[in-house]
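One letter stands for each residue in the lines below.
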Amino acid sequence: MEHLVVARDVTKRYSSGKLEVEALRGIDLEIGAGEFTAIVGPSGSGKTTLLNLIGALDTPTSGELRVMGKELTRMSRRARADLRLHALGFVFQAYNLVPVLTAQENVEFVLELQGVGSERRQRAKELLDDLGLADLARRRPTELSGGQQQRVAVARAVAARPRLVLADEPTANLDGANAEHLLSMMKRLHAEAGTTFVFSTHDPRVVAYAQRVVT
């Protein structure tokens, strides 16, 4: 099996003045292509930090971390940005939607950055329809509920058909029906396109869908 993520003895420390916080210590992990994996643990255990490292948003303090065969600590900032744009999808706890863009424009945004032409509009529309947001496509984030923003963020994450999607608590603001619908859509994309999904979660619904659970 091809491994999209290989971590060896990864440590991450943050410093603030004289205070040093060790967010991760000695992490060894492999994520194979096509996995549907949940990372679980109590608040403060480093789940979000680990996803940020895998997603090339940050770099380890020590250890080796390879994503798509590339050693992240040896890549330039530009190279890491290209990796994020072309191979990775993100669902953040804070949504991180662009406030001046509509829901549909937010989903189209990554496709536009990739240079996708007129088909990006149709692809965004289909994803929003699939997530029950067809009637909200022209609304801006401030006009959407937290759960609706979360679903837009998921649509944006998968729009470019990345090889790996990283989702930080993706069902945190969704009720039961919407959470199940979202997870079913992700599971279908995983099955049809072979997309690899890695979640951090406290949600037993997500854990129940996972093929593998990392604690």
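Up top is the structure these notes are about.
Below, the structure is looked at part by part. Because the structure is predicted, anything quoted here is derived from the model rather than measured. (Residues numbered from 1 in each chain as written. Predicted model: local features only at pLDDT ≥ 70, side-chain atom pairs only at ≥ 80, totals over all residues. Heavy atoms only, no water.)

The subject of this paragraph is the side chain of Gln104. By the element assignment, Gln104 lies in helix α3 (residues 103–113). What makes Gln104 buried here is its relative accessible area of 15%. Setting aside anything within four residues of it in sequence, one finds Gln104 in contact with Arg121, Ala124, Lys125, Leu128 and Ala137. (Helix = DSSP H or I, 4+ residues; strand = E, 2+ residues; numbered from the N terminus. Buried < 20%, exposed > 50% of the residue type's maximum accessible area, 1.4 Å probe, protein only. Contact = heavy atoms within 4.5 Å.)

Turning our attention to the sheet that holds strand β4 (residues 62–67). The 4 strands lie next to each other as β2-β1-β4-β5, forming an open sheet whose pairing is antiparallel. Lying at the two open borders of the sheet, with one neighbouring strand each, are β2 (19–32) and β5 (70–71). When β4 meets β5, the two strands line up antiparallel, connected through 2 bridges. Its bridge partner lying in β5, Val67 is registered against Lys70. (Pairing = 2+ DSSP bridges.)

Turning our attention to the packing of α3 against helix α5 (residues 146–159). Contact geometry of α3 with α5 gives a least axis separation of 8 Å together with a crossing angle of 25°. With respect to each other, α3 and α5 are oriented roughly parallel. The crossing of α3 and α5 is right-handed. Along its contact with α3, which presents Ala103, Asn106, Val107, Val110 and Leu111, the element α5 presents Val152, Ala155, Arg156 and Ala159. Class assignment for the residues of the contact of α3 with α5 results in 7 nonpolar, 1 polar and 1 charged. (Axes fitted to C-alpha atoms, helices over the stretch in contact; angles between N-to-C directions. Parallel < 35°, antiparallel > 145°, perpendicular 65-115°, else oblique. Left-handed = near helix turned anticlockwise from the far one by under 90°. Nonpolar A, V, L, I, M, F, W, Y, C, P; charged D, E, K, R; others polar.)

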